Amino acid sequence: MAGQVKDREAFQRLNFLYQAAHCVLSQNPENQALARFYCHTEKTIAKRLVLRQDPSVKRTLCRDCSSLLIPGLTCTQRQRRRKGQRWTVQTCLTCQRSQRFLNDPKHLLWGDRPEAQLENQADFKPSEPLPNIADLSKENVQTQALNTTE
Amino acid sequence: MAAAPQAPKRGSIRKTRPLVVKTSLNNPYVISWSSLEREDMHFILQTLEDKFKSIGLQKIEDKKKRKAKQRGGLVGTSEEPQEPHGGVRVSGWTPVHTRKQLAIGVNEVTRALERNELLLVLVCKSVKPAIITSHLIQLSLSRTVPACQVPQLSERIAPVIGLKCVLALGFRKNTMDFADEVEAIIPRVPSLNVPWLPDGTQGLTDSLETESLESQDKEVLDTSFDDLTRLKRKLAEGGQAPAATLQPLKIKRLVPNPSKIRKPPKSKNPSK
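These remarks concern the structure in this document. Just so it is clear, the model here is predicted, and its values are computed rather than measured.

A few points about the sheet that holds strand β4 (residues 102-104) of chain B
All names here are of chain B.
- The strand order across the open sheet built from 4 strands is β4-β7-β5-β6, with neighbouring strands paired in mixed fashion. Here the strands that pair on one side only, and so sit at the sheet edges, are β4 and β6 (147-150). Across the sheet, the mean angle separating the axes of adjacent strands is 20° when strand polarity is ignored.
- As judged from the 4 bridges shared by strand β5 (residues 118-124) and β6, these two strands associate in the parallel manner.

Have a look at this one:
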């Protein structure tokens, strides 16, 4: 799956750190500081090397203190209703920072859609590049100007 | 007047731009509910439905009161539901003691699980989006509480109790009325699997392993240096696999969203 990737080693390291944080916490829930250190290191590497992380990974890390967010252990998760909308509120128990996610059944992240996957794009190979909309509009204006002068 | 610039010819060659690909680190863990067999599903739903009907657990709401509350008219009234002349409750749960044995709703179930007060958790499968109940998997497994996703739970149970929907249902440890039902349901609940959380059974084996290792340590203290090397070899030969296995690297390769409105790049020298 991760065949020819530019920063494969870096991704491998991020993957290891993320799993190490989980492993450390599962073995002993008091190892929160160590798990936090691993997650902070992972964040720093991703930032320095400009590597993307899937939203499912980013949502499990506290944006403030870099804690690994595990429901019932390092964070609480509640359903709230406000202004006629339902939200999932995740609160970090280390720094009390809360994140809200809108419970919209129609909404789907671009990364989770099938058309976003590169595997599904393999069959779609345009013979000609798609024209730029701005260029097209200019061309139309120019042709109209020519017609009027004639 | 200068001549109008001609439009580019139709057959002009343009360089084909390579397809932009965004690589991102995907979550190595896939956490999902275990599938429940059809027979078990029918059994669970039927058992609960019959029990709720026999107990007569229902939420009765006084619509007049509700409207007044929405307007903000109730100021001096007590919060407890008042009983009229007949002694029948106008609003609230009919057998209150039975209601206290249950945790109804996602928030209540979550709270009860955090306090380790539950024996069994049932979650509706028709929840959209899944994020509403996904945290209950890890939570129930960390508290060693059997939990499963039951299709049509809300559709079948909610009308019986007098609610619009029941997304999660938990049975408390102090339950008396539902003890037999819980005992009957628990064996039919499939075990959950979270890759980084050790199962209950695994925990037992781990404790046994640690005991054996401790006994080995005692032996090591008594043995000489020559025997130590032999013991090392034995451990190396019969070494068990580590409890946590490293999941393979998963990388998502995405195409940029074409419908996303992108800001034009800022030029370093702003044109005057």
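Quick notes on the pairing of strand β3 (residues 85-92) of chain A
All names here are of chain A.
- Where strand β2 (residues 75-82) lies against β3, 8 bridges are found, and the strand directions are antiparallel. Bridge assignment links Arg80 to a residue of β3, and that residue is Trp87.
- Pairing of β3 with strand β4 (residues 98-102), which is carried by 5 bridges, proceeds in the antiparallel orientation. For Gln90, the partnering residue across the bridge sits in β4 and is Gln99.

Points about the nonpolar core
- Grouped together as the largest cluster of nonpolar side chains are 58 residues, with contacts concentrated most on Leu48, Phe52, Leu122, Val150 and Phe171 of chain B.
- With 6 residues, the single largest contributor to this core is β5 of chain B.
- Among all residues touching Val150 of chain B, those that are not within four sequence positions of it are Leu36, Met41, Ile44, Leu45, Leu122, Val123, Cys124 and Lys125 of chain B.
- Of all hydrophobic cores here, the second largest spans 11 residues; its members include Val5, Leu14, Ala46 and Leu51 of chain A.

Parameters at a glance
Residues numbered from 1 in each chain as written. Chains lettered and ligands numbered in written order. Predicted model: local features only at pLDDT ≥ 70, side-chain atom pairs only at ≥ 80, totals over all residues. Heavy atoms only, no water. Pairing = 2+ DSSP bridges. Helix = DSSP H or I, 4+ residues; strand = E, 2+ residues; numbered from the N terminus. Axes fitted to C-alpha atoms, helices over the stretch in contact; angles between N-to-C directions. Core = buried A, V, L, I, M, F, W, Y, C linked by side-chain atoms within 4.5 Å. Buried < 20%, exposed > 50% of the residue type's maximum accessible area, 1.4 Å probe, protein only. Contact = heavy atoms within 4.5 Å.

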